[in-house]
Each structure stands twice: as structure tokens, then as C-alpha cells.
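# Analysis of the macromolecular model
Each chain, letter by letter, is given below.
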Amino acid sequence: MIERMPDRGGPQQPLLIARGLTKHFPLSKSLMRRREVVQAVDNIDFSVMKGETLGIVGESGCGKSTASRLIMQLIEPTSGEVIFDGESIGRSGLSLKKYRRQVQMVFQDSYSSLNPRLTIEESISYAPMVHGVPKSKAISRTHELLEAVGLAPSQYARRYPHELSGGQRQRINIARALALHPRLIVLDEPVSALDKSVEAQVLNLLIDLKKQFDLTYIFISHDLNVVEHVADRVLVMYLGKIAEIGPVDSLFSDPAHPYTQALLDSRPSMDPSRRRTEPPLFGDPPNPINPPSGCRFRTRCRKAWGLCAEQPPPFHQIKPNHSASCHAVALEAERVSE
Amino acid sequence: MNMASPATAASPTPLVRARDLCVSFATPRATVNAVNGVNLDLAQGESLCILGESGSGKSVTLRALMRLNPPKRTVVTGELNVANQDVMQMTQAQLSQYRGPVVSMIFQEPLSALDPVFTIGHQIAEAIVRHEGISRKAARARALSLLELVQIPSAARRLGAYPHELSGGLRQRAMIAMALSCNPRLLLADEPTTALDATVQIQILLLLRKLQRELGMGVIFVTHDIGVASEVADRVAVMYGGRVVEEAPVEILIRSPRHPYTSGLLGATVHAGTRGTRLTTIPGAPPDLAELPAGCAFAPRCTRAEPGCHKAVPPLLEVTAGHHVRCPVVCPARIQAPINV
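Cut-offs and rules
- Residues numbered from 1 in each chain as written.
- Chains lettered and ligands numbered in written order.
- Predicted model: local features only at pLDDT ≥ 70, side-chain atom pairs only at ≥ 80, totals over all residues.
- Helix = DSSP H or I, 4+ residues; strand = E, 2+ residues; numbered from the N terminus.
- Rg over C-alpha atoms; globule rule 2.2 N^0.38 Å.
- Buried ≥ 20, exposed ≤ 12 C-beta atoms within 10 Å, placed from the backbone.
- Contact = placed C-beta atoms within 7 Å.
- Core = buried A, V, L, I, M, F, W, Y, C linked by C-beta atoms within 7 Å.
- Domains from an automatic or database assignment.
- Pairing = 2+ DSSP bridges.
- Axes fitted to C-alpha atoms, helices over the stretch in contact; angles between N-to-C directions.
- Nonpolar A, V, L, I, M, F, W, Y, C, P; charged D, E, K, R; others polar.
- Parallel < 35°, antiparallel > 145°, perpendicular 65-115°, else oblique.
- Left-handed = near helix turned anticlockwise from the far one by under 90°.
- Expected span 1.5 Å × (residues − 1).

A count of helices and strands for chain A gives twelve helices and twelve strands. The C-alpha radius of gyration computed for chain A amounts to 21 Å, which stays within 12% of the reference 20 Å derived for 338 residues, consistent with globular compactness. In terms of its C-alpha atoms, chain A occupies a principal-axis envelope of roughly 65 × 55 × 50 Å. Burial status across chain A gives 46% buried among its 338 residues. By sequence separation, contacts in chain A at least 24 residues apart represent 66% of the contacts at least 6 residues apart.

Encoded structure:
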């Protein structure tokens, strides 16, 4: 039977560290023109502590899904590395097979991430069998997992994905991710395709399972309300760069980066007597093929000035564990300290 | 924004009046009853949100208002009057005069709603030429002013752009321009911002609100997001299992929902302040529209259901002025007479 891999570095060692992670997708070569690349993720650094939930938010094209695929090693990074519990992944360190036993993923589209020709039972027991668990044991484990995600095995184990609703299928995907006793689960928009009443069920389930199985989550979403609900720390991405990172309370109550402020102000008011009157931002995010020079947000930023076009902004720490990458934030902090 | 309550019932001729609207689809396996007796009233210049989850019948209702459901497989019954015209009796020729100048629609996914092989300017001008018989050149000038109306930057250049060359937000603006091209009195919007990013969604919602006010159109929005309704709606109708289960002015619906489904839905919606608390959920799943229960469609999932709920569909009753609820448990019938007589 497969056991959970032991903790190596102790509680202070981050479970996962991304160091200088970069992914540039080349576009097809054209004559006369310089080879163009999409800078999907550009030199990002972050860590995930054991037992926490790190939320990653951002709009389409900000690189949050590419980042999740880099973490899972589903795509090769252009440069940079991922370190899991103190061990780098690849030839010299942790093998991919051992790594993926400890890190699993749940995708947004619950239907396309299940094999339509396998029953629920076969899908969930597949990975344990690949890792050498005898079939009978894998099946009994599958039934335990189905119970854990709230689906009666007698009723659902022999069904096919198309016979289930979206919410049920997402529960199956979560059960499958748990099958190898992982330590980290990457959830890429796990509730975005679900109706509100089902979304609440799945969010409650994810919070319960985290406690029950002692898990660490990376939770990727475009929905700030959902991230605020589940995350301990939040990372805001814009055009392949980290705009701001901090504890959820601090970041939501006191956002430093103008982009984070605009994202928060774009949420519907939920109160008809206090409707929004002015959109916080104009236009759409620019194309990541030729991102703006300097700070990538400057083309939509009200605070931008000359320096923002010249130099990429450094990370500036505002509070413990809370930093933003913005010239205006750095300047203001300088003024206050003087 | 003027939030004065719209005098729907008092208004002599509502822009939209639907009575007992039913839509069903015949499939080889079964008949799917998507909409089961919907009554709608909309005053000129009013904004109504139809709120519901997938399979609640909200989009089918919207399409029925424009008679867009596939004619061969769809059975539509009931009364439907829009701008004093009987939509149910219209011939194909009358329908093409109705769609555009009287009512038009914007869709969720502009990339699939716009024609990929023609420029934005061409597509907008086409509708104007077709309906108003003016010259291509004059129509193109109108198209330009429409793009300016929907706040597309460098509008003259965008006239020559193909849909794939625009960003998601600009595409949705272009589709709004096209929908407005024949000055409709009623604009239907089917999840117009669901496919958009948060910072773009709020721009489009504010634009629609502004256009509605300036042009005095009636607007019916379909959405699954109560947040969207809170930004744009005067009134909200909540649909479940093909019926309206609750209808109220937006501030009342958000502050004091009465129907167990509406309160469940609001309780399940994640918002600022739910952190650390357990979300209330609605157990179970929405009903199969091919086999609707005999009684209240929500009764099988309802924690407050009584034996009577499973027997007959409860009537929609008025609890306070303008607030209608279809639930015999929270508002017993003996207090109020049914409104839809």
C-alpha cells in the first residue's frame, strides 16, 4: 500500500520554492522579423509553507495557469527551478515519479480531465496501480476516497464521467488527486465552472479535506471572493510578473499595488445603494507578446510616471511578509521613513 | 443613478408582457420542459435581471422573447407582447422586422456571436442598411458613431478590424454597438460579462447602465451572478426549474430574500466576510427538466418543505408591494390572493 512520503525539512522548510521561474513560449518564426516570444511567466519567486493555502489571482493571460503547469512540471521551464521540501526536482534531485506522488493537480474543466472511457473507480485507482498497488487494494482505497468526497461508492463507483453532474465530477477529480497521499495539491480554478450552490459545496469539501489529510494547497482563481475565503496568503499576478504578495487579511484590507487596488474595486458592490460609478481601470490587459517596458502595469496605471517606463520596479516590503512590486509604493515608503 | 422604483404594474402599456410562457424541447428520449409558466412585465426604461443557475430556464426564457429557439424542436405556448406587438403570432417576415428595431440581444461569447470573416464596421453597417435602407456609406458613418458611443478607443481604425484582432472587452463593446444599431426599445443580454475579466466586467456593466439610462431602453439581463444584478438591475426575478420563484426590487431581494432557494443561493455565495465561516450550501442538485416533480421543483432540496409542497406547484404570491414569492411555507396563501389571475 502506498504511504504518504515523510516530511524531510521540518516545519520551517517551505514545502515548495519557485526560484526565478520563467516560461517563454516561442511563436512561429517569421522571416524578416525577430523571433517573438510570449513571456507567460517571467522570473517569479515565491514559496509555499507547509500546511498553508497560497492563493494565486490574476486576469486571463497573467500566467497563473502557466505557473501551475510549471509547478507540476507538466511543461519545461525556460529557466528557474522548483524546489520541493528542500530537494530540487530533476536529474540530480527528486525524480519526477516521486515528485508527482507528492504533488497532484485538479483542473477547471472537470469533464475533459477525466477519461470518458474509464469508470469512476478505474480513473481513481489508475494512479495507485501504476505505482504498484495491487488492484484489490487500489479499489478499496478508491471506495474510501469516494466516501471522503461525499459520493456513495455503491452508487457512483461504476458510473462513467458523462453520467455525473459538474459538481460530482469535480469531486471525482479531487478524489483522484488524493489517491496517492499527496502533500501538495495544485487547484487550478477548481470551482470556476460550477454553479454557486455547488461551488459552496466543493469549497467546504476542499477546506475539510485539507484538515483531514493534512494538505497544502496552491489555489488558483480569477475570483477574488473565493480566494479571500480559502487562502492564507495571496499572490497577485499581472502579465507574467508578481505584482503583490501578502497575507490575505493584509492584502485585502490594505492593498498596496495599484493593480491589486483596482482588482478589489472591480468587484461588484453587492449593495444596490452603493453601486460603482467609475470603473477602476480602463481597457484590457495588454498582449503578453510585447509587454510594456519597465513596469508592465504602467499603461493602465494612474500613478505611473517616467521612471515606471524605464525600470522594472523592485519588490518593496510594506509589512512583514507583504510586498509589492511598484515604484510608487517604494517612493512613498521612502518619504515616510525620512 | 435614479433608483426610483419602476411603476411596472401601474404603467399603462408595459414594454414586455408575458403570461404563462412555456417552452419545451422535444428530444428523441423525452420532452424537456425548460420554461413552465413564466409571467414577466417590464416597463420602458426598466432593467430586470433574471437570476438562476444552469438549467433554470433563464436563457431559454430570454431567447423565447426574441423567438430564437429552434422552431422545429421547440414548443412555445402562452402570451407574449413586446411593444404592443403579439410576438407569438409573428410570421418569419414580421420577425425579421421585429428583431433589430424593437428588440436585440447581446451574447456571452462575442467571438462566436460575431462573424469572423467580416470586419466590425461591415457587420454593424449591414444591419443598418438592411433595416433602414440607407446607403452603405451613411451606414458606415452610423457604425462609427456607435463605436464611439460604446467607448471604443480609436474607433475609426477599429471599424476595419476583424473580431479576432480585438481584445475580449472591445469585442463585447462591438457587439453592444451592433445590438444598438437599430435603436431597439428592448435590449436582451445573456450573461454579457461572464467571459470577461473582473476589471473589464465592471467597465461593461457600467457602460450598459449608462447606455440604458441615456437611450431609455428596457433591458433584461440573464445572469448567474448576484453581484452583476446588484450593479445593474432595478428588479430581480429568480428562476428555478423553469419557474420564477421570487421577484422583487433588487435592494429588497438582496437584503431580505424570502424563498428558501433564494436565501440558500445568497448564503452559498462567497463574498467578503465569509472567510473562516462555513458556507451554507443547498444539498442535492437541480431537477431534471425532463422529469419535473409534480409539486414545487425545489421541494426535494428544501429543508423547510412540507408534505403539501410535493403535491402541487405553489402560486406566486405578493408578500409586500412588488415582492412576489412562490412558496406556501414562507408566505401562506390565505394571507394574499394570487396575483397572476
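Across its full length, chain B carries eleven helices and twelve strands. Over its C-alpha trace chain B gives a radius of gyration of 21 Å, about what one expects of a compact globule, namely 20 Å for 341 residues. Once the C-alpha set of chain B is aligned to its principal axes, its extents read approximately 65 × 50 × 45 Å. Burial statistics for chain B: of 341 residues in total, 47% are counted as buried. Here the analysis covers contacts within chain B between residues at least 6 apart in sequence; of these, 61% occur between residues at least 24 apart.

All right, on to the nonpolar core then. The biggest cluster of nonpolar side chains holds 184 residues, and the ones touching the most others in it are Ile-218 of chain A together with Ile-50, Phe-221 and Val-236 of chain B. Domain assignment of the residues forming this core places at least three in each of domain 1 (16-102 + 184-325) and domain 2 (108-183) of chain B. Setting aside residues up to four positions removed in sequence, Ile-218 of chain A forms contacts with Val-48, Leu-54, Ile-56, Ser-68, Ile-71, Leu-184, Val-186 and Leu-187 of chain A.

Turning our attention to the sheet that holds strand E11 (residues 317-320) of chain B. All names here are of chain B. The sheet built from eight strands is open, its strands ordered E6-E7-E8-E3-E9-E10-E12-E11 with mixed pairing. What marks the edges here is a single partner per strand, and that holds for strand E6 (103-106) and E11. When strand polarity is set aside, the average angle formed by the axes of neighbouring strands in this sheet is 25°. Strand direction decides the pairing type here: E11 and strand E12 (residues 323-325), joined by three bridges, are antiparallel. Considered in E12, the bridge of Thr-320 is made with His-323. Helix-sheet contacts for helix H7 (residues 168-180) involve E6 and strand E7 (186-190), and the interaxial angle to E6 is about 170°.

Turning to the interface of chain A and chain B, a few remarks are in order. Quoted interface sizes are often the accessible area lost when the parts come together. Contacts between the two partners involve 33 residues from chain A and, on the opposite side, 37 residues from chain B. Within the residue set of the side of chain A that touches chain B, elements represented by two or more residues are helix H7 (196-213), helix H8 (224-230) and helix H10 (258-265) of chain A. Per-element tally for the side of chain A that touches chain B: the top contributor is H7 of chain A, with six residues. Here the residues of the side of chain A that touches chain B are counted per class, giving twelve nonpolar, twelve polar and nine charged.

All names here are of chain A. Where helix H3 (residues 120-130) meets helix H4 (residues 135-148), the closest approach of the two axes is 9 Å, and the angle between their N-to-C directions is 125°. Compared by their axis directions, H3 and H4 come out oblique. Handedness of the crossing formed by H3 with H4: right-handed. On H4, the residues that touch Glu-121, Ile-124, Ser-125, Pro-128 and Met-129 of H3 are Lys-135, Ala-138, Ile-139, Arg-141, Thr-142 and Leu-145. The class makeup of the residues in the contact of H3 with H4 is six nonpolar, two polar and three charged.

Before going further, it helps to examine the packing of H3 of chain A against helix H6 (residues 166-178) of chain A. Residue and element names in this part refer to chain A. With their axes 8 Å apart at the nearest point, H3 and H6 run at an angle of 25° to one another. With respect to H6, the element H3 is oriented roughly parallel. For H3 against H6, the interelement crossing comes out right-handed. Residues Ile-120, Ser-123 and Ile-124 of H3 lie in contact with H6, whose contacting residues are Ile-172, Ala-175 and Arg-176. The class makeup of the residues in the contact of H3 with H6 is four nonpolar, one polar and one charged.

This part takes up the sheet that holds strand E4 (residues 79-84) of chain A. Strands in a sheet are paired, the pairing made by backbone hydrogen bonds, and the direction either parallel or antiparallel. Residues and elements named next belong to chain A. Reading across from one edge, E2-E1-E4-E5 is the order of the four strands in this open sheet, with antiparallel pairing throughout. Here the strands that pair on one side only, and so sit at the sheet edges, are strand E2 (37-48) and strand E5 (87-88). Across five bridges, strand E1 (residues 16-26) lies against E4 in antiparallel orientation. Bridging from a neighbouring strand, Thr-22 pairs with Ser-79 of E4.

Turning our attention to the environment of Arg-298 of chain A. Residues and elements named next belong to chain A. Looking at the secondary structure, you find Arg-298 in the loop between H10 and helix H11 (306-310). Look at Arg-298 and you get buried, because 21 C-beta atoms sit within 10 Å. Residue contacts for Arg-298: discarding those within four places in its chain leaves Pro-292, Ala-304, Cys-308 and Ala-309.

Turning next to the pairing of strand E3 (residues 53-57) of chain A. All names here are of chain A. Extensive coverage of E3 is indicated by the burial of five of its five residues. Of the two faces of E3, the one holding Thr-53, Gly-55 and Val-57 and the one holding Leu-54 and Ile-56 are both buried throughout. Across five bridges, the pairing between E3 and strand E8 (residues 216-221) is parallel. Within E8, the position partnered with Val-57 by the bridge is Ser-221. Alignment of E3 against strand E9 (residues 233-238), held across four bridges, turns out to be parallel. Looking across to E9, one finds that Leu-54 is bridged to Arg-233.

A separate point is unusual backbone geometry. Residues and elements named next belong to chain A. Non-glycine residue Glu-189 carries a positive phi angle of around 50°. Secondary-structure assignment places Glu-189 in the loop between strand E7 (184-188) and H7. Judged by the 19 C-beta atoms lying within 10 Å of it, Glu-189 is partly exposed. Backbone geometry at Asp-214 places phi at a positive 55°, although glycine is not the residue there. As for its placement among the helices and strands, Asp-214 is situated in the loop between H7 and E8. Of the residues examined, Asp-214 has 13 C-beta atoms within 10 Å and is grouped as partly exposed.

Another aspect to go through is the domain arrangement of chain B. Residues and elements named next belong to chain B. For chain B, the assigned domains read domain 1 (16-102 + 184-325) and domain 2 (108-183). With 15 residues of domain 1 in contact, the opposing surface of domain 2 contributes 13 residues. Those elements giving two or more residues to the side of domain 1 that touches domain 2 turn out to be E7 and helix H8 (198-215). The element contributing the most residues to the side of domain 1 that touches domain 2 is H8, with five residues. A class-by-class count of the residues in the side of domain 1 that touches domain 2 yields ten nonpolar, three polar and two charged.

Most of helix H1 (residues 64-71) of chain A sits inside the fold, with six of its eight residues counted as buried. Those residues of H1 of chain A lying buried are Lys-64, Thr-66, Ala-67, Ser-68, Leu-70 and Ile-71 of chain A.

All names here are of chain A. The end-to-end C-alpha distance of H7, which contains 18 residues, comes to 26 Å, matching closely the 26 Å that a straight helix rising 1.5 Å per residue would cover. For H7, the full list of buried residues reads Lys-196, Ser-197, Val-198, Glu-199, Ala-200, Gln-201, Val-202, Leu-203, Leu-206 and Leu-209. In the segment just after H7, Asp-214 is the residue with positive phi, at about 55°.

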